[in-house]
Amino acid sequence: MTDDLIGPNDIAYRLELTPAQLKIVHTALKSLYDDLGHEEKEVGDVVAEVLAKLPGEHEIRAIDLDRERRPSA
C-alpha cells in the first residue's frame, strides 16, 4: 500500500532560513552541482531544480555573512 507516500510533484517540506543559512545552502548546492559528473545527471537535474527555486547569484552574493552572524546590539 503506497497511499501515504509523497508524490513526485508534491511539496515534501517547507523550510525557513535566515539570510546566512540561505547563503550557505545555496553555496553548498552550487558546489555539489559543479562537482557532479556526467554519470550523475539525474542528481544534477534535481540539484538544478532546487537552485532555481532560490534567489539568484546576485542576491546571494549580497548577503554579508559577517553582518548576518553579528549579535544584535
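A separate point is a nonpolar patch on the surface. A contiguous nonpolar patch, built from Tyr13, Leu15 and Leu17 and spanning about 360 Å² of accessible area, is present on the exposed surface. Within the secondary structure, Leu15 sits in the segment before helix 1 (19-35). Residue Leu15 is classed as exposed on the basis of its relative accessible area, which comes to 58%.

We now examine helix 1. The end-to-end C-alpha distance of helix 1, which contains 17 residues, comes to 24 Å, matching closely the 24 Å that a straight helix rising 1.5 Å per residue would cover. Considered for burial, the residues of helix 1 that qualify are Ala20, Leu22, Lys23, His26 and Leu29. The inward-facing, buried residues of helix 1 abut helix 2 (41-53), helix 3 (57-61) and helix 4 (65-69).

Criteria and cut-off values
Residues numbered from 1 in each chain as written. Predicted model: local features only at pLDDT ≥ 70, side-chain atom pairs only at ≥ 80, totals over all residues. Heavy atoms only, no water. Patch = residues over 30% accessible without salt bridge, like charges linked within 9 Å, V, L, I, M, F, W, Y side chains within 5 Å. Areas by Shrake-Rupley, 256 points an atom, 1.4 Å probe, with all protein chains shown as cover. Salt bridge = Lys/Arg side-chain N within 4 Å of Asp/Glu carboxyl O. Helix = DSSP H or I, 4+ residues; strand = E, 2+ residues; numbered from the N terminus. Buried < 20%, exposed > 50% of the residue type's maximum accessible area, 1.4 Å probe, protein only. Expected span 1.5 Å × (residues − 1). Contact = heavy atoms within 4.5 Å.

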